[in-house]
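Spelled out from the first residue to the last, the chains are:
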Amino acid sequence: MDVQIEPSWKAVLKNEFTRPYFLEIVTLLKTERSAGKVIYPPGQLIFNAFNQTPFGRVSVVIIGQDPYHNPGQAHGLSFSVQEGIKPPPSLVNIFKEIQQDLDITMPPLHGNLTHWAKQGVLLLNAILTVLANEPASHAKTGWMNFTDAVISKISDEKKGVVFLLWGKFAQEKQVLIDETKHFILKAAHPSPFSADKGFYGCKHFSKANQLLTQQGLPPIDWQLPML
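On a predicted model such as this, the values are computed, not experimentally measured, just so you know.

A. Seen up close, the environment of His204. Counting through the fold element by element, His204 comes out in helix 8 (residues 204-214). Residues His204 and Ile220, 16 residues apart in the sequence, show an inter-C-alpha distance of 12 Å. Leave out the neighbours within four places in its chain, and His204 touches Asp101, Leu164, Trp166, Leu185, Lys186 and Ala187. Of note is the side chain of His204, whose polar atom sits 2.9 Å from the side chain of Trp166. Here the side chain of His204 touches Lys186 through a polar contact of 3.3 Å, landing on its backbone oxygen.

B. Structural view of the nonpolar core. Of all hydrophobic cores here, the largest spans 67 residues; its most connected members are Trp116 and Phe146. Other than its neighbours up to four places away in sequence, Trp116 contacts Ile62, Ile94, Ile98, Met106, Val121, Leu123, Asp221, Trp222 and Leu224.

C. Seen up close, the packing of helix 4 (residues 89-102) against helix 8. At their nearest, the axes of helix 4 and helix 8 sit 8 Å apart, and the two run at 60° to each other. In terms of orientation, helix 4 lies oblique with respect to helix 8. Residues Ile94, Glu97, Ile98, Asp101 and Leu102 of helix 4 touch helix 8, and the partners they reach there are His204, Phe205 and Ser206.

D. Looking closely at the pairing of strand 5 (residues 162-166). In terms of burial, strand 5 is largely enclosed, as five of its five residues are buried. Pairing between strand 5 and strand 6 (residues 183-187): five bridges, direction parallel. Pairing of Phe163 across the sheet is with Ile184, part of strand 6.

E. Region of interest: the packing of aromatic side chains. Throughout the structure, instances matching the rule amount to 19 aromatic pairs. Each member of the aromatic cluster is reached from another via a ring pair, and the members are Trp9, Phe17, Tyr21, Phe22, Phe47, Phe50, Phe55, Trp143 and Phe146. Positioned above the aromatic ring of Phe55, the side-chain terminus of Lys158 is 5.3 Å from the ring centre.

F. Here's a closer look at the packing of helix 2 (residues 20-34) against helix 6 (residues 143-157). Where helix 2 contacts helix 6, the axes come no closer than 8 Å and their chain directions differ by 130°. Judged on the interaxial angle alone, helix 6 and helix 2 are oblique. The handedness of the crossing between helix 2 and helix 6 is left-handed. Every residue of helix 6 that contacts helix 2 at Tyr21, Phe22, Ile25 and Leu29 is listed here: Trp143, Asn145 and Phe146. Considering only residue class, the contact of helix 2 with helix 6 consists of six nonpolar, one polar and no charged.

Reading guide: rules and limits
- Residue positions are counted from 1 within each chain, in the order its sequence is given.
- This being a predicted model, a pLDDT of at least 70 is required before a residue's local features are given, and a value of 80 or more before pairs of side-chain atoms are given or counted; all residues contribute to the totals for chains, interfaces and linings.
- Note that water and hydrogens are dropped before the side-chain values are worked out from all heavy atoms of the structure.
- Helix and strand definitions here come from DSSP, where helices need a minimum of 4 consecutive H or I residues and strands a minimum of 2 consecutive E residues; each element is numbered from the N-terminal end.
- Pairs of residues are marked as contacts when any of their non-hydrogen atoms sit within 4.5 Å.
- We define a polar contact as two N or O atoms separated by no more than 3.5 Å, with the added condition that, inside protein, one atom must be a possible hydrogen donor and the other a possible acceptor, whereas residues neighbouring each other in sequence contribute only through side-chain atom pairs.
- Take the buried residues of types Ala, Val, Leu, Ile, Met, Phe, Trp, Tyr and Cys, join any two whose side-chain atoms come within 4.5 Å, and each joined set is a nonpolar core.
- Whether a residue is buried, partly exposed or exposed follows from its accessible area with a 1.4 Å probe, protein chains only, as a fraction of its type maximum: under 20%, in between, or over 50%, in that order.
- Axes, fitted as lines to C-alpha atoms, cover a helix only where it is in contact. Angles between the N-to-C directions of the axes lie from 0 to 180 degrees.
- In these notes the angle categories are as follows: under 35 degrees is roughly parallel, over 145 is roughly antiparallel, 65 to 115 is roughly perpendicular, and the rest is oblique.
- In this description, strands pair whenever DSSP reports at least two bridges between them.
- Aromatic pairs are defined between Phe, Tyr and Trp rings, using the six-membered ring for Trp, whenever the two ring centres lie within 6.5 Å; interplanar angles under 30 degrees are classed as stacked, those over 60 as edge-to-face, and all others as tilted.
- Here, a charge over a ring means that NZ of Lys or CZ of Arg falls within 6 Å of the ring centre while also lying within 35 degrees of the ring normal.
- Each helix crossing is assigned a hand: it is left-handed if the near helix lies turned anticlockwise from the far helix by less than a right angle, otherwise right-handed if that turn is clockwise.
- As a working rule, the residues Ala, Val, Leu, Ile, Met, Phe, Trp, Tyr, Cys and Pro are called nonpolar, Asp, Glu, Lys and Arg charged, and the rest polar, with Gly in that last group.

This is how it looks when you write it as C-alpha cells:
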C-alpha cells in the first residue's frame, strides 16, 4: 500500500502497512465514508503527528487515547485542536500545569500544539480516527496494533526519549518501552475528573526538559505563540 506518511516513518513502519489488521482499517474507513459517515480527523490529517515529527526528531512522546469527535477539533495531534477552536478541558488543564511549572503564560484562545510537534514532541493518539460525535467508535479497529508498533519502534531504535504517560490508558503502554534506554514520567490524566489527583504539580514539562538537556539535546519550548 502507498500510505501517505512522512518518509522516515514510512521506512520504519513499512512492515505494518501490509499486515491484515492495517488492511482491515483501510477497508473500514472506506466503507464508512461510502456510507456517508463523517470521520475525524480528515483523511489528510490522520498521520499528521508523524508528518510533523519525523522519526529522527522524536525526543518526547505524549500519548492520548483517541481524537476529539466534535467538528473542527481533531487534526491528528493528541490533545491538540485546530486554530479557532476553544481548547477542550483537558488541554486547558495541561496549560494550567505548564504555567505553574514554567511560570509562563499560555494563550487562552487557541490550542494548536503544532509548535511542540515541530520540535520533536510526538503527539500520538493510540487510536487515530473516530466517527463524528461517537467517542471511542474506532477503539476496536486495528489502530492500537499500529500505534503499539510505533511505540515499540521508538523504544527499539532510539534512546533517551522522554515518554509522558498521563492516566491509566497511557500508562498501560509502559510495557512497550525499554526503561533501560528511555525515561518514563507518569501522572494522572489532565481530564477535569482527575487533574487534581496527581496531574497538577507533576512538573512533567520542566522535568522533560531537564532530561533532554542532560543528554545534550535541545529543550522543548512549551510556550505557544500568541495568535
